[in-house]
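# Chains, contacts and geometry: an overview
Single-letter residue listing:
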Amino acid sequence: MKENEVKLLKSIILDNEDAKLYDEVVSCYKNRLYRSGYLLSWILLIESLKRKIIKLSELEDARGKQEWGKIETLEKQHQSTDTQIISSAKECEIISDTEYTTINSLWQQRCIFAHPYMQEVKSSDLEYIISKMIDITLSKPLYYSKKSIEEWINEIINHPHVVPTSQSEQDNFIDNHFVRVKEMHYPFLYKTMFYNLSKSHENSNKHLISFFRHYIIKLILHTQVNINSNNYTLERQMLKYPQICWLFFNIPETWEKLDDKFRGDLFRYIDFTSKNDCISSLIQAYKLIRRTNIHKDYLDIYYKKLQKFSIYNIWQLYIDKGLLLDRIWNESIKNWQFYDQMEYVNFLDSFNAPISDNFNETESEKLGYFLGLCCYNNTFAALTFTNKCSELWIDNLPFCLGLMHGMMTMDNNLFIHCNSFPCVLSVIANLNSDNLQTVLAYLEKLPNQKTSSDKFSYDKIKQIFNDRKTLIQSDNAQERISNIINAYFSPVVERE
């Protein structure tokens with residue numbers, strides 16, 4: 001090893017204080033003071049290990065506190081602490097068994113080299129201890145032992161308030177811990193986190209569920225982790241706890257890390273499990289499907305399972321709203337049953353946000369059309385709901401146009417029915433000025449190839465209009481509606 005190589009090793013020393021002392025070791029090497037350099041290197045190695053033990057103690061690591069107590073007792077008695085520091089470093093898993101043997105060998109050499117007349121110290125001796133102290137401790141951050149990981153997690157379980165609630169603060173909290181976990185402990189960390197996520201889920205502890213789930217996700221996404229390898233025992237977890245696995249494989253990032261075999265396990269669990277037991281996993285699958293492309297076979301399983309539930313209990317889980325609307329049509333509208341249509345109206349009435357928050361314009365128009373058909377069918381709940389002209393839909397132009405289409409057409413031709421016409425007037429009376437003009441223009445352009453010659457219906461419609469037209473503030477709108485009525489009943493009007 002050359003002098004410049006010894007100098008370059010300084011760049012991988014993590015602690016600034018260690019780096020300063022290392023300059024003195026380099027100076028010894030440069031001036032061929034190999035014995036002094038060896039003894040100084042030993043001190044540097046031991047002090048580095050000691051600082052790590054102290055740091056563990058300050059981090060409330062139980063074993064770190066215990067081992068630091070032993071060292072501190074010897075110091076107070078003015079006794080040598082070198083061998084105790086080596087033993088404590090091994091106990092705290094700061095050094096491995098192999099490194100422990102290496103350090104003991106260096107310790108024996110240090111004892112011999114401390115006597116200047118016993119043995120000559122060569123440059124190779126100093127080079128050897130320099131390389132070992134850097135490899136063993138100076139270039140390594142402080143890592144948690146397996147025992148420390150367990151203790152840290154138990155502290156969180158017993159004192160969950162220490163876990164931040166905000167996403168960014170929780171990220172920092174996890175990162176500060178994860179950076180001290182050895183790669184060899186990743187599988188152990190994952191399995192321990194998984195177990196505690198499962199227990200938290202069992203106890204419905206939302207705060208800890210969020211934390212353990214978040215930690216597992218960050219661990220899975222780490223570049224050094226292959227979650228599919230046998231070390232992580234994912235096959236067993238998929239077998240025993242698939243609903244827990246769904247909690248963190250419900251985002252595209254973790255899904256991409258998962259082998260096809262395990263992806264299939266998750267969806268087959270949904271397929272073969274009773275609907276009451278799989279609802280939570282269906283919700284997790286929904287979160288995944290809405291954010292990424294899923295294989296058609298998995299989508300088929302998902303939508304097939306949704307068919308087992310009442311449509312109005314799980315409608316929000318339909319990413320493909322076209323499938324939802326098809327179910328509504330088949331189950332609630334087309335059979336013209338009052339009870340089925342009432343369920344649909346109750347569904348609309350349950351919204352606590354504008355329809356446009358959940359449905360696009362085409363979907364909104366179809367929902368309005370279904371409601372219009374219910375009014376045409378004289379379904380009481382539909383008539384009552386429509387007359388309210390809720391602010392959650394009255395300004396939604398596509399919904400209102402669909403509603404008019406359902407109430408005012410038959411076979412796509414203009415049709416005025418006594419059942420639904422009062423609702424038509426209520427809606428028109430509550431439309432804003434722009435939407436009013438659009439709706440009236442739509443009604444005026446409807447094909448009128450099936451005019452009515454029923455004078456009884458004409459008289460009734462005219463009576464309804466005359467009783468309610470004052471609700472419509474625009475005289476122009478009143479006139480246009482009157483013209484639409486006369487056009488539909490033109491055979492009657494012409495006879496009069």
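Heads up: the structure comes first, above all this text.
Residues numbered from 1 in each chain as written. Predicted model: local features only at pLDDT ≥ 70, side-chain atom pairs only at ≥ 80, totals over all residues. Heavy atoms only, no water.

So, about the overall build of the protein chain. Of regular secondary structure, the protein chain possesses 28 helices and 2 strands. Over its C-alpha atoms the protein chain spans a radius of gyration of 38 Å, topping by over 25% the 23 Å that the globule rule assigns to 496 residues. Relative to its 496 residues, the protein chain shows a buried fraction of 48%. As displayed, the protein chain offers around 25200 Å² of accessible surface, 47% of which is attributable to carbon and sulfur atoms. Seen as two clouds, the 57 positive and the 63 negative side-chain charges of the protein chain have centres 4 Å apart. (Helix = DSSP H or I, 4+ residues; strand = E, 2+ residues; numbered from the N terminus. Rg over C-alpha atoms; globule rule 2.2 N^0.38 Å. Buried < 20%, exposed > 50% of the residue type's maximum accessible area, 1.4 Å probe, protein only. Areas by Shrake-Rupley, 256 points an atom, 1.4 Å probe, with all protein chains shown as cover. Lys, Arg positive; Asp, Glu negative; His and termini not counted. Charge placed at Lys NZ, Arg CZ, Asp CG, Glu CD.)

As enumerated under the stated definition, the model contains 22 salt bridges in all. The residue Asp-18 makes a salt bridge to Arg-51 at a minimum N-O spacing of 2.0 Å. One end of the pair, Asp-18, is in helix α2 (residues 16-30); the other, Arg-51, is in helix α3 (residues 34-58), with 33 residues separating them in the sequence. Here the salt bridges share partners, and the residues they tie into one network are Arg-63, Glu-91 and Glu-93. (Salt bridge = Lys/Arg side-chain N within 4 Å of Asp/Glu carboxyl O.)

Further remarks concern the packing of aromatic side chains. Per the stated rule, a full pass over the model turns up 41 aromatic pairs. With centroids separated by 4.8 Å and ring planes inclined at 5°, the aromatic side chains of Phe-267 and Tyr-298 adopt a geometry described as stacked. Pair noted here: Phe-267 is in helix α15 (residues 260-272) and Tyr-298 is in helix α17 (residues 296-306), with a separation of 31 residues, a long-range link. Of the two residues, Phe-267 and Tyr-298, neither departs from the other in class, the shared state being buried. Here the aromatic residues Tyr-312, Trp-315, Trp-329, Tyr-344, Phe-347, Phe-351, Phe-359, Tyr-369 and Phe-370 are joined through ring pairs into a cluster of three or more. The ring centre of Phe-359 lies 5.7 Å from the NZ or CZ of Lys-321, which sits over that ring. (Phe/Tyr/Trp six-rings, centres within 6.5 Å; stacked < 30°, edge-to-face > 60°. Lys NZ or Arg CZ within 6 Å of the ring centre and 35° of its normal.)

This next bit is on α15. Between the first and last C-alpha of α15 there are 18 Å, a value that for 13 residues agrees with the 18 Å anticipated at 1.5 Å per step. Elements in contact with the buried residues of α15: α12 (234-240), α13 (242-245), α14 (252-256), α16 (275-289) and α17. (Expected span 1.5 Å × (residues − 1). Contact = heavy atoms within 4.5 Å.)

In this section: the packing of α2 against α3. Orientation of α2 relative to α3, taken along the N-to-C sense of each, is 165°, at an axis distance of 8 Å. Taken together, the axes of α2 and α3 are roughly antiparallel relative to one another. Between α2 and α3 the crossing geometry is left-handed. Where α2 approaches α3, its residues Asp-18, Leu-21, Tyr-22, Glu-24, Val-25, Cys-28 and Tyr-29 are matched on the opposing element by Tyr-34, Ser-36, Gly-37, Leu-40, Ser-41, Leu-44, Ser-48 and Arg-51. (Axes fitted to C-alpha atoms, helices over the stretch in contact; angles between N-to-C directions. Parallel < 35°, antiparallel > 145°, perpendicular 65-115°, else oblique. Left-handed = near helix turned anticlockwise from the far one by under 90°.)

This next bit is on the packing of α3 against helix α6 (residues 97-113). Their axes nearest at 10 Å, the elements α3 and α6 cross at an angle of 140°. As far as their axial angle goes, α6 and α3 are oblique. Note that α3 runs across α6; the crossing there is left-handed. Contacts from Arg-35, Tyr-38, Leu-39, Trp-42, Leu-45 and Leu-49 in α3 reach Ile-103, Leu-106, Trp-107, Gln-109, Arg-110 and Phe-113 in α6.

What is expected of a backbone is that most residues other than glycine have negative phi and most peptide bonds are trans. Positive phi, normally seen in glycine, also occurs at Cys-389, with a value near 50°. The topology assignment puts Cys-389 in the loop between α22 (380-388) and α23 (397-408). With a relative accessible area of 8%, Cys-389 lands in the buried category. Positive phi, normally seen in glycine, also occurs at Asp-411, with a value near 55°. Note on placement: Asp-411 falls in the loop between β1 (409-410) and β2 (413-414).

Here the structure, examined in full by the defined rule, presents 0 disulfides. Among the cysteines around Cys-245, which has no disulfide bond, Cys-278 carries the closest sulfur, lying 15 Å off. (Disulfide = S-S within 2.5 Å.)

Considering the arrangement of structural elements, one finds Asp-23 in helix α2. Here the alpha-carbon distance between Asp-23 and Lys-10, two residues 13 residues apart in the chain, equals 8.0 Å.

Phe-267, Ile-328, Tyr-344 and Phe-421 are the most contacted members of the largest nonpolar core, which has 161 residues in total. Among the elements that take part in this core, α3 stands out by supplying 10 residues, more than any other. In this structure, Tyr-344 is in contact with Tyr-312, Ile-328, Ser-332, Ile-333, Leu-367, Phe-370, Leu-371 and Cys-374, ignoring residues within four places of it in sequence. (Core = buried A, V, L, I, M, F, W, Y, C linked by side-chain atoms within 4.5 Å.)

Moving on: the side chain of Thr-386. Its place among the elements puts Thr-386 in helix α22. For Thr-386, a relative accessible area of 0% translates into the label buried. Filtering out sequence-adjacent residues up to four positions away, Thr-386 remains in contact with Leu-371, Cys-375, Trp-393, Leu-403, Cys-423 and Val-427.

Turning next to the side chain of Ser-148. Its place among the elements puts Ser-148 in helix α8 (residues 146-158). Side-chain polar atoms of Ser-148 contact the side chain of Ser-145, separated by 2.7 Å. (Polar contact = N/O pair within 3.5 Å; in protein donor to acceptor, adjacent residues only side chain to side chain.)

The next subject is helix α26 (residues 455-468). With 14 residues, α26 extends 20 Å between its outermost C-alpha atoms, agreeing within 8% with the 20 Å of an ideal straight helix rising 1.5 Å per residue. All buried positions along α26 are accounted for by Ser-457, Tyr-458, Ile-461, Lys-462, Ile-464 and Phe-465. Angular distribution of buried residues about the axis of α26 spans 160°; they occupy a single face of the element. Exposed residues on α26 whose side chains face more than 90 degrees from its buried face are Phe-456 and Asp-467. Two or three places before Phe-456, at the opening of α26, Asp-454 has a side-chain oxygen 3.1 Å from that residue's backbone nitrogen. (Arc of directions from axis to C-beta.)

This next bit is on the environment of Asp-467. For Asp-467, the position within the fold is in helix α26. Spatially, the C-alpha atoms of Asp-467 and Phe-248 are 61 Å apart, while their sequence positions differ by 219 residues.

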